[in-house]
Amino acid sequence: MTSRRQFLTHAGIAGAAVAATSVPKSTLAGLPEIVHQDSVDTMPPLSPPDGRPYNPVVTPNGWTLPWRMNKGVKEFHLVAEPVLREMAEDFTAHLWGYNGQSPGPTIEVVEGDKVRIFVTNHLPEHTSVHWHGQRLPNGMDGVTGLNQPGIPSGKTFVYEFTARRHGTFMYHPHGDEMTQMAMGMMGSWVTHPKNHIESEAVDRDFCILLAGYDIDPGSATPKVMTMLDFNLWAWNSRIFPGIDSLNVRKNDKVRVRIGNLTMTNHPIHLHGHEFVVSGTDGGPTTPGSRWPEVTTDVAVGQMRQIDFLADEEGDWAFHCHKSHHTMNAMGHDVPTLIGIDHSNVAKQITDLIPDYMVMSERGMADMAEMEMPLPDNTVPMMTGEGPFGSVEMGGMFSMLKVRKDQAPGDYSDPGWYEHPEGTVAFEYLGEDVPVVSRSAGTSGQSMPRAIKTDQPVEVSIIGIEKKTL
Ligand SMILES: [Cu+2]
């Protein structure tokens, strides 16, 4: 997690925008400077050095791409390339991304801005960039073969369009996209409204891109042929406990923009507050179409923008509600052993294999605490040390930290919430709780079961003598 000190150290990125906009006129004809990011820390919002003002977003464990203004056009330079992405402490993946990271940097513009994006391809194969959700000329839509030839390895292509609609967008390749998105090529795009809309203004605005990876424990490169059974569920290509918390001031109006480039839907759930979906992939929702909720499903290829008033102090869980998505890599084909005493079997096995561990006879919570030998370069399936012990989570899990003394504009981690006296669940220490006998399960059923035949069944297996069962 980003400490206050680290946060200040990395605040220098905002300076890069200024530097990029003050390059000598003689170089303006050439390519915009390539800005790289090596850190996985959450970078402070990039205040616009020129152009129309807006309230910039914060990308947890990510950053915003600086631009240069060239005769009224905002020019960006994206470099598609292999990257090393630390997805959590002790686990670095070999991904493909943009400008040093996966996801690529967030791009922020204002409705009506003329935008020029240079895309240099340093991947071993051709690529393209599709500006997901944008209104633009057909030849700028980035579908390889349909709208443009692929950008060959080593070449730079230029995309030009006007950001016509405000809202939340994404960018990703469209051409061998199964491989390139499985490898982490994606980024967020925010177009701010041209005219300030007071009722829609927020104090803090966060951007999260959902990604799924299939990386075997102990290895580093995603398996790109996986269709559905991904084993790592990431926010901005980080997995819990590697995902920074969203740190806000009490009574801040907060917005979170979520884009889904995984292969399944994610019901995103916030504790302690109700939110409204204030925008979708098609733009802002009308006020009359909004209703309060605590979970919103973000389907594949969709964006959702949620707004809420952070008026409850504390450390509130914020996560995908699919319970397998708040876990890190694990074996799924394990039988459920809850209620089964297999201590005898375990003894016999440990005589042979001393490292063998009995798993899950009381549930899986033990998994978070056991000192199981893990291969290098992986993270435990359920982990994360909270103020009361293990949180037993992984994957798409983080926290909303609401504090009354969080300074405006301060995004650093305030540490654990100090609960006021008498406001934490506590153990009952009164008289003994009576033991209730288990249900005998003697209820009826809606239909009689099908009657099984008692006739012998003849089975013949090729190569084996006929047998009667
Ligand atoms: Cu999920």
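Here's what I pulled together on the structure shown here. If you're wondering where the values come from, they're calculated on a predicted model, not measured in any experiment.

### Here's the deal with the overall build of the protein
Each helix and strand in the protein was counted, giving five helices and 24 strands. Taking as baseline every contact in the protein between residues at least 6 positions apart, the subset at least 24 positions apart corresponds to 74%.

### Description of the sheet that holds strand β4 (residues 107-110)
Hydrogen bonds between backbone groups are what pair the strands of a sheet, and the pairing can be parallel or antiparallel. One open sheet holds the four strands; their spatial order is β4-β9-β8-β6, and the pairing between them is mixed. A strand with exactly one partner marks an edge of an open sheet, and here the two such strands are β4 and β6 (130-132). On average, each strand axis in the sheet is inclined to that of its neighbour by 25°, with strand direction left out of account. In this sheet, strand β8 (residues 167-172) lies alongside β6 in antiparallel orientation, the contact comprising three bridges. Following the sheet pairing, Trp 131 is matched in β8 by Tyr 171.

### Some remarks on the sheet that holds strand β17 (residues 295-298)
Read across the sheet, five strands follow the order β12-β22-β19-β14-β17 without closing on themselves; strand pairing throughout is mixed. Edge strands, defined here as strands with exactly one partner in the open sheet, are β12 (246-249) and β17. Strand-to-strand twist across the sheet, computed as the mean angle between neighbouring axes with direction ignored, equals 20°. In the sheet, strand β14 (residues 266-270) pairs with strand β19 (residues 314-320) via three bridges, with the strands oriented antiparallel. Bridge assignment links Ile 268 to a residue of β19, and that residue is Cys 320.

### Looking at unusual backbone geometry
Residue Pro 103 follows Ser 102 across a cis peptide bond; omega there is -5°. Within the secondary structure, Pro 103 sits in the loop between β3 (91-98) and β4. Following Phe 240, the chain continues to Pro 241 via a peptide bond in cis, the omega torsion being 10°. Located in the positive-phi region is Asp 90, a residue other than glycine, with phi close to 70°. By secondary structure assignment, the location of Asp 90 is in the loop between β2 (73-88) and β3.

### Considering the environment of Gly 142
Within the secondary structure, Gly 142 sits in the loop between β6 and β7 (156-162). Along the primary structure Gly 142 and His 174 are separated by 32 residues, whereas in three dimensions their C-alpha atoms are 6.3 Å apart. Each residue touching Gly 142, except ones within four places of it in the same chain, is listed here: Ser 128, Val 129, His 130, Trp 131, Asn 147, Gln 148 and His 174.

### Observations concerning the nonpolar core
Among the nonpolar cores identified, the biggest contains 84 residues, and Leu 210, Leu 232 and Ile 239 are the most heavily contacted of them. Contacts of Leu 232, omitting those with residues within four sequence positions, involve Met 87, Gly 212, Tyr 213, Ile 215, Ile 239, Asn 328, Ala 329 and Gly 395.

About the thresholds
Residues numbered from 1 in each chain as written. Predicted model: local features only at pLDDT ≥ 70, side-chain atom pairs only at ≥ 80, totals over all residues. Helix = DSSP H or I, 4+ residues; strand = E, 2+ residues; numbered from the N terminus. Contact = placed C-beta atoms within 7 Å. Pairing = 2+ DSSP bridges. Axes fitted to C-alpha atoms, helices over the stretch in contact; angles between N-to-C directions. Core = buried A, V, L, I, M, F, W, Y, C linked by C-beta atoms within 7 Å. Buried ≥ 20, exposed ≤ 12 C-beta atoms within 10 Å, placed from the backbone.

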